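Here is how the chains run, residue by residue.
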Amino acid sequence: MLTVGVDIGGTSVRAGVVDKRGTILDTARVGTPSGADALNDAIVSVISSLTARHTISAVGLAVAGFVATDLKTVMFAPHLAWRRAAVAERISRKIDLPVVLEHDANAAALAEFRYGAARGAKVVTLIAIGTGIGAGLLLDGKIFRGAYGVAPELGHLRIVPNGRPCSCGKSGCWERYCSGTALSATAIELLAGHPGQSTVLAREAAGDARSITGRKVAGAARDGDPVALRAMAELARWLGEGLALVADIYDPEVIVIAGGVSESAPLFLDDAREIYRDAVTGAGYRPLARIRTAQLGDDAGLVGAAALARDVVNGHH
Ligand SMILES: [Zn+2]
């Protein structure tokens, strides 16, 4: 049996045909359009291009947003056009296949549990560090969604009282200190506090401070730029502090670090582990979660959504 997984991100809609071992056999992608109807049409078109070439049993959509516990409705997706949208029903009618929705971080956590870095672990937390933080939680291999489908929204835990303002309306949220966006903000703060430092980043900022992206900070840190390395150390600190909170709440067996920023893990993960080890409650007297980087990369959401669609067909959901 083959299923299709679709990852619906802010910039592209990527679909893949996935087998029971989590292997992607074929893919299709289009840019993400802005309107709700155009988005539905784009999803139908990528799925149809794959169902034309393969016999598919069901489709899973990984969505960057709140999915209701019926796994059919998108309640809210900050970077997509859907608001209280009956997405599964609309797509299903057009392609004549069962469709299930899942939050992208939950889907990624499921994929890492079945096929990747968290294989077989009893309690898994996935922290996807990109523009912000996405989080997924698995208990005994099952996705934990909370009572209303919103859990776990870890990126907006307040970690710094009166800290940096967040787009969610609060301030001091974890993702304001531990994300690609945070790397950029920290580097810009450091440069402003120490004018005259002749570093690669300072020269970059002289043109336009906004051009300092998280990716550029990571690149400069790799080249030994002192400001970039300090920004990385700050990220490691807040990652470690945040992971200690996560461990206090969930006591996970494995924590998977995913997302674009995880590609720079050699620059911060060992430091973050050390801070986490010291900050967790009962440090030294409890077994600690293993912290690993994701194995499935960008494909995790797609593969997890396809696995969930398989479960639905098999009656495991
Ligand atoms: Zn927030």
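Per an unreviewed UniProt entry, the protein carries the name Glucokinase and comes from Kibdelosporangium aridum.

Colleague: Please explain the coordination of the zinc ion as it appears in this structure.
Modeller: By definition of the ideal shapes, a tetrahedral metal site with four donors has angles of 109.5 degrees and an octahedral site with six donors has angles of 90 or 180 degrees. At 2.0 to 2.3 Å from the zinc ion lie its protein donor atoms, namely H156 (ND1), C166 (SG), C168 (SG) and C173 (SG). Taken together, the 4 donor atoms coordinating the zinc ion span angles of 105 to 118° at the metal, a pattern that classifies the geometry as tetrahedral. Within one chain, the residues serving as donors to the zinc ion are arranged as H-x9-C-x1-C-x4-C. Under the relative-accessibility criterion, C166 is labelled buried at 9%. The class of C168 is partly exposed, set by a relative accessible area of 37%.

Colleague: Help me out: how do you make sense of the pairing of strand β8 (residues 99-103) in this one?
Modeller: Within a regular beta strand, the side chains point alternately toward one face of the sheet and then the other, so they alternate between its two faces. Most of β8 sits inside the fold, with 5 of its 5 residues counted as buried. Of the two faces of β8, the one lined by V99, L101 and H103 and the one lined by V100 and E102 are each fully buried. Sheet analysis places strand β4 (residues 59-63) next to β8, joined by 5 bridges and oriented parallel. Residue pairing across strands places L61 opposite L101, the latter belonging to β8.

Colleague: For this particular structure, what's the right way to read the sheet that holds strand β7 (residues 83-85)?
Modeller: Taking strand neighbours across the sheet as the criterion, the 3 strands line up as β5-β6-β7 in an open arrangement whose pairing is antiparallel. Because the sheet does not close on itself, it has two edges, and the strands there are β5 (66-67) and β7. Pairing analysis gives 2 bridges linking strand β6 (residues 74-76) to β7, with the strands arranged antiparallel. Bridge pairing in β7 places F76 opposite R83.

Colleague: Hey, could you run me through the nonpolar core in this one?
Modeller: For soluble globular proteins, nonpolar side chains are generally found buried alongside one another. Formed by 59 residues in total, the largest nonpolar core has its most connected members in I8, L61 and W82. Counting only domains with at least three residues in this core, you end up with domain 1 (2-110 + 298-314) and domain 2 (119-294). Aside from chain neighbours lying at most four places away, what touches I8 is V13, L39, I43, L61, A62, V63, A64, L80 and W82.

Each value, and the rule that gives it
Residues numbered from 1 in each chain as written. Predicted model: local features only at pLDDT ≥ 70, side-chain atom pairs only at ≥ 80, totals over all residues. Heavy atoms only, no water. Donors = N, O, S within 2.8 Å, 3.2 Å for Na, K, Ca; no water. Tetrahedral: all angles 85-135°; square planar, octahedral: opposite > 155°, others 65-115°. Buried < 20%, exposed > 50% of the residue type's maximum accessible area, 1.4 Å probe, protein only. Helix = DSSP H or I, 4+ residues; strand = E, 2+ residues; numbered from the N terminus. Pairing = 2+ DSSP bridges. Core = buried A, V, L, I, M, F, W, Y, C linked by side-chain atoms within 4.5 Å. Domains from an automatic or database assignment. Contact = heavy atoms within 4.5 Å.

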